[in-house]
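One-letter residues, chain by chain:
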Amino acid sequence: MNSLLTSLLSHSKTIALLKAAESLLFWDQDTYMPKEAVEARSEQIQLINSLIHKEETSDSFKDALESLINLKTGEILSEDLTTDEISNLKNWRRDFLISTKIPDSFVKEESELTTKALHAWSDARKKKDFSLFAPYLKKIVALNQKKAELLGYKEHPYDALLDLHEPDMTTKEVDVIFSKLSKKLIPLLKKIQEKQATNNSFMNHEFPIDKQKKSSLAILESLKLDSSFLRLDTSTHPFSISLHPTDCRITTRYDVKDPMSNISSTLHEAGHAMYEHDLDPTTFGSPLSQSASYGIHESQSRFWETCIGKSHAFCEYFTPILKKIFPDELNDLSADSLYDAINTVTPSFIRVEADEVTYCLHIILRFEIEKALIDGSLLVDDLPAVWNAKMQEYLGITPPTDDLGVLQDVHWSMGAIGYFPTYALGNIYAGQLFTRFKKEHPEWENEAKNGNFSTIQNWLKDQIHIHGRRFTPKELIENASKQELSEELYLEYLSEKYLPN
Ligand code: ZN
């Protein structure tokens, strides 16, 4: 192999190893770390972050890179390269340009601000008082506006922030998809609510946590996710982190009154973990073995959590398992009653508790607000009123307090603007993938009823996971689903499921 490529691969691997070490620090922070270690931990993370930034922007990396690809135009300067090598070069160029456009001083300023903002947000949420967080949010918006200018954009400053999370996706494209989606989701929601009659009385019990742990382990076992490469722990907010394809870590949380919330979150995080586990360990560190985007990642978790986990076939498989784990509590449970209960559609204030139908409306609201904050057409002080008005318009409910409204998400306090749309895109991608998958594999339901999920796992692996960053998110979805990206298949999936004839 070309010695320049060898050098780039080695740099890329060093960056990935440092990022894995950083991920381990984050994982530990959210699972086992003693409380008093907060400051020491943030110093450790900052150090690793600066080492990563140094590697990403180093002269030797730049020299090797610009010998093979024109950094300005993206033109490949060497012949005899394989398509995989060209794909690596394009991704390295993208990453290098992003890292070098953001100066060290900016990274430091952002990290100092967000550390303080996170505390302020947490305090404001506790006290249900947005005005305590507003001064920090103003600074965060200003910093993101600056970031957009540093990164550059063609049409809208939000493009620059969105592209960091969903490469190659523009504000305009998201705007088109989201406005069509909301126009159809709102009447769909009304129709479903008129028809729906649900009886959740079987949930009126306490479900001991030690038993609930058995149900999450049963899910991992059904998916053949064993402890040789995956850990399951507990955290306040469930998450998934991967240090290497052979070291995936997920968390869940347990609510004694709701055994289904643990099952949903285990399936969700397992979906993320399966993606990471299927990435090629032999090319570890290179873009070939990195996930394609936040949106694609979310499509994998939502595919398992909703398309599969909330299907009738899954309920048929899982009901007897649940009854065995909870013989007293769920004595009368049937697959039908489980299916109805986990597919209840109710507008609610909190995004992370939202059902499949209302979920994207929560995201569309956030996208519209972020876009307006970044282009200056909305001021932070007006945010709570705008939030509540949009909640009323989209979901027909108004949060009584800010902790149930504008203060509920951690993202803005962490400086993340441009992230939210990937959650809805993940659902849209999942709906489009699921439609295609069902067409190619109508046998999946019978297999799932019997606890065999390998057809689904292999399909997602072949269509999405093994490609790493060879394709853009849009290309990946279009190649896998054999259709152009649109919100239509997702809407069809929802209509067929919730309004069957
Ligand atoms: Zn997720």
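Residues numbered from 1 in each chain as written. Predicted model: local features only at pLDDT ≥ 70, side-chain atom pairs only at ≥ 80, totals over all residues. Heavy atoms only, no water.

Caption draft 1: Representation of the packing of aromatic side chains within the structure. Scanning the entire structure with this criterion turns up 22 aromatic pairs. Seen from their ring centres, Tyr 317 and Phe 453 are 5.5 Å apart, and the 70 degrees between their planes marks the pair as edge-to-face. On the criterion of sequence distance, the pair formed by Tyr 317 in helix H12 (residues 312–325) and Phe 453 in the loop between helix H17 (444–449) and helix H18 (454–463) is long-range, its members being 136 residues apart. One exposure class covers both Tyr 317 and Phe 453, and it is buried. Residues Phe 437 and Trp 444 carry aromatic rings whose centres are separated by 6.4 Å and whose planes lie at 55 degrees to one another, so their mutual orientation is tilted. This pair shows no difference in class: Phe 437 is buried, exactly as Trp 444 is. (Phe/Tyr/Trp six-rings, centres within 6.5 Å; stacked < 30°, edge-to-face > 60°. Helix = DSSP H or I, 4+ residues; strand = E, 2+ residues; numbered from the N terminus. Buried < 20%, exposed > 50% of the residue type's maximum accessible area, 1.4 Å probe, protein only.)

Caption draft 2: Structural detail: the coordination of the zinc ion. Within the protein, the atoms that donate to the zinc ion are His 268 (NE2), His 272 (NE2) and Glu 298 (OE), at distances of 2.1 to 2.3 Å. Given the relative accessible area of 8%, Glu 298 is considered buried. (Donors = N, O, S within 2.8 Å, 3.2 Å for Na, K, Ca; no water.)

Caption draft 3: Molecular detail of the environment of Arg 436. In this structure, Arg 436 sits in helix H16 (residues 421–440). For the pair Arg 436 and Lys 90, spaced 346 residues apart in sequence, the C-alpha to C-alpha distance is 29 Å. Apart from residues no more than four positions distant in its own chain, Arg 436 is found in contact with Trp 459, Ala 480, Ser 481 and Lys 482. At a separation of 2.7 Å, a polar atom in the side chain of Arg 436 contacts the side chain of Glu 440. (Contact = heavy atoms within 4.5 Å. Polar contact = N/O pair within 3.5 Å; in protein donor to acceptor, adjacent residues only side chain to side chain.)

Caption draft 4: Looking closely at the layout of surface pockets. Of the pockets and cavities examined, the second largest pocket occupies roughly 1,100 Å³. Around the second largest pocket sit 34 residues that line it, and Arg 94, Asp 163, Pro 167, Asp 168 and Met 169 are the ones nearest its centre. With nine residues, the top contributor of residues to the lining of the second largest pocket is helix H4 (residues 83–101). A per-class count over the lining of the second largest pocket returns 13 nonpolar, eight polar and 13 charged. (1 Å grid on protein atoms, 1.4 Å probe; cavity = no way out; pocket = protein on both sides within 12 Å on 5 of 7 lines; lining within 4 Å. Points joined across faces, edges and corners; volume = space filled by probe spheres on them. Nonpolar A, V, L, I, M, F, W, Y, C, P; charged D, E, K, R; others polar.)

Caption draft 5: View of the packing of H16 against H18. As a packed pair, H16 and H18 sit with axes 11 Å apart at the nearest point and diverge in direction by 120 degrees. Relative to H18, the element H16 lies oblique. In the packing of H16 onto H18, the handedness of the crossing is right-handed. Of the residues in H18, those touching H16 at Leu 433, Arg 436, Phe 437 and Glu 440 are Thr 455, Ile 456 and Trp 459. In terms of residue class, the contact of H16 with H18 is made up of four nonpolar, one polar and two charged. (Axes fitted to C-alpha atoms, helices over the stretch in contact; angles between N-to-C directions. Parallel < 35°, antiparallel > 145°, perpendicular 65-115°, else oblique. Left-handed = near helix turned anticlockwise from the far one by under 90°.)

Caption draft 6: The pattern of salt bridges, seen in detail. By the definition in use, this model includes 23 salt bridges. Across the pair Asp 381 and Lys 138 runs a salt bridge, and its minimum N-O distance is 3.2 Å. Of this pair, Asp 381 sits in the loop between helix H14 (356–375) and helix H15 (383–395) while Lys 138 sits in helix H6 (residues 134–151), and the two are 243 residues apart along the sequence. The partly exposed category is assigned to Lys 138, whose relative accessible area is 39%. Linking Lys 211 and Glu 329 is a salt bridge whose minimum nitrogen-to-oxygen distance equals 3.4 Å. Of this pair, Lys 211 sits in helix H9 (residues 209–222) while Glu 329 sits in the loop between H12 and helix H13 (335–342), placing them 118 residues apart in sequence. In this structure, a network of salt bridges that share partners links the residues Arg 351, Arg 366 and Asp 409. (Salt bridge = Lys/Arg side-chain N within 4 Å of Asp/Glu carboxyl O.)

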